[in-house]
Amino acid sequence: MDQKQLIESAEKGDIENVLKLLDRGVDINLTDNSGRTAVMAATYNNQTEMVRTLIEKGADINIRDKNLNNVLLYAGAEGIIEVVKLAIEAEADTSLTNRFGGTALIPASERGHVEVVKELLTNSDIDVNHINDLHWTALLEAIILGDGEKEYQEIVQLLVDHGANVSIADKDGITPLKHAQNRGFREIEAILLKRGSN
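Rules of the game
Residues numbered from 1 in each chain as written. Predicted model: local features only at pLDDT ≥ 70, side-chain atom pairs only at ≥ 80, totals over all residues. Heavy atoms only, no water. Helix = DSSP H or I, 4+ residues; strand = E, 2+ residues; numbered from the N terminus. Buried < 20%, exposed > 50% of the residue type's maximum accessible area, 1.4 Å probe, protein only. Contact = heavy atoms within 4.5 Å. Areas by Shrake-Rupley, 256 points an atom, 1.4 Å probe, with all protein chains shown as cover. Phe/Tyr/Trp six-rings, centres within 6.5 Å; stacked < 30°, edge-to-face > 60°. Core = buried A, V, L, I, M, F, W, Y, C linked by side-chain atoms within 4.5 Å. Arc of directions from axis to C-beta.

Colleague: What exactly am I supposed to notice about the overall build of the protein here?
Modeller: A count of helices and strands for the protein gives twelve helices and zero strands. Along its sequence from the N terminus, the protein presents helices and strands in the succession α-α-α-α-α-α-α-α-α-α-α-α. Principal axes of the C-alpha set define a box for the protein whose edges measure 60 × 25 × 25 Å. Counting all 198 residues of the protein, 53% fall into the buried class. For the protein, restricting intrachain contacts to residue pairs at least 6 apart in sequence, the fraction spanning at least 24 positions comes to 67%. As displayed, the protein offers around 9300 Å² of accessible surface, 43% of which is attributable to carbon and sulfur atoms.

Written out as structure tokens, the structure reads:
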């Protein structure tokens, strides 16, 4: 009962009750039927202070649930910048991947979360050239699934500034530059050409 209560309290942001349960000896890393830990339940519900408290109490933020989400992967994909920062400070394993075989950087780039992309590239050891199961890098995702507007231009610039390999093509051999040209993303095309893309 206490176990179920811990996850439910974390979800609601009830810090007082969570601390009480932990003092009682409830395992901080126990999981529910979805494989969620308390810190994961708090992340899903954007309970930043709860995430902070659980990290301070030693929660394992790398545990992935049945959807293959963990704190960094989910917060990165959803653009929850405060939780991303907490996860990076707590030395989250940036090499862990989501159900598409991507690191946190890939969905953040695809969804236009500029601040998250900046945080991951600047303050973590994330691999800028990681290739997911679709054979896409963060750079390819930002171009293929983005709209070419300001956020995506910023993300592409950040990625290339942090060492994104502009010549890694998709599984059909189409390069980021070609994708940008096909979509008429002139500003992104210019960024890539400046990097010597072809």
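Still more to cover.
Colleague: Any chance you could explain helix α4 (residues 48-56) here in plain terms?
Modeller: In an α-helix there are 3.6 residues to a turn, and that puts residues three or four apart on one side. All of the buried residues in α4 are Thr48, Met50, Val51, Thr53, Leu54 and Ile55. Residues of α4 that are buried sit in contact with α1 (2-12), α2 (15-23), α3 (38-44) and α6 (81-89). Following α4 by one or two positions, Gly58 has its phi on the positive side, about 95°.

Colleague: Please explain the environment of Glu151 as it appears in this structure.
Modeller: Within the secondary structure, Glu151 sits in helix α10 (residues 150-161). For the pair formed by Glu151 and Glu115, sequence separation is 36 residues and the distance between their alpha carbons is 9.8 Å. Residues in contact with Glu151, not counting those within four places in the same chain, are Gly112 and Val114.

Colleague: Explanation requested: the packing of aromatic side chains in the structure shown.
Modeller: For any pair of aromatic rings, geometry is given as the distance between the ring centres together with the angle between the planes. Scanning all chains against the criterion turns up one aromatic pair. Ring centres 4.4 Å apart and planes at 65° place the aromatic pair Tyr44 and Tyr74 in the edge-to-face group. Taken together, the residues span a long stretch of sequence, with Tyr44 in helix α3 and Tyr74 in helix α5 (residues 71-78) at a distance of 30 residues. With relative accessibility at 22%, the residue Tyr44 sits in the partly exposed group.

Colleague: In this structure, what is going on with the environment of Glu110? I would like to understand it.
Modeller: Structurally, Glu110 can be placed in helix α7 (residues 105-110). As a C-alpha pair, Glu110 and Leu140 span 30 residues in sequence and 8.5 Å in three-dimensional space. Excluding anything up to four places from it in sequence, Glu110 contacts Glu141, Ala142, Leu145 and Tyr152.

Colleague: Would you mind going over the environment of Val39 with me for this structure?
Modeller: Relative to the assigned elements, Val39 resides in helix α3. Residue classification places Val39 among the buried positions, given a relative accessible area of 1%. Between the C-alpha atom of Val39 and that of Asn62, which follows or precedes it by 23 residues, the distance is 10.0 Å. The contacts of Val39, once residues within four sequence positions are left out, are Val51, Leu54, Ile55, Ala59, Asp60, Ile61 and Val71.

Colleague: Just to check I follow, could you spell out the nonpolar core for this structure?
Modeller: Nonpolar side chains in soluble globular proteins tend to be buried together. Counting 61 residues, the largest nonpolar core has Leu54, Leu105, Leu120, Leu159 and Leu192 as the members making the most contacts within it. No other element matches α10, which puts six residues into this core. Discounting chain neighbours no more than four positions away, the residues touching Leu54 are Ala10, Val18, Leu22, Ile28, Ala38, Val39, Ala42 and Ala59.

Colleague: Teacher, can you tell me more about α1 here?
Modeller: Within the sequence span of α1, burial applies to Leu6, Ile7, Ser9 and Ala10. For α1, the angular spread of the buried residues around the axis is 165°, confining them to a single face. Of the exposed residues in α1, those oriented more than 90 degrees away from the buried face are Lys4 and Lys12. Buried residues along α1 sit in contact with α2, α3 and α4. Looking one or two residues beyond α1, the residue adopting positive phi is Gly13, at roughly 80°.

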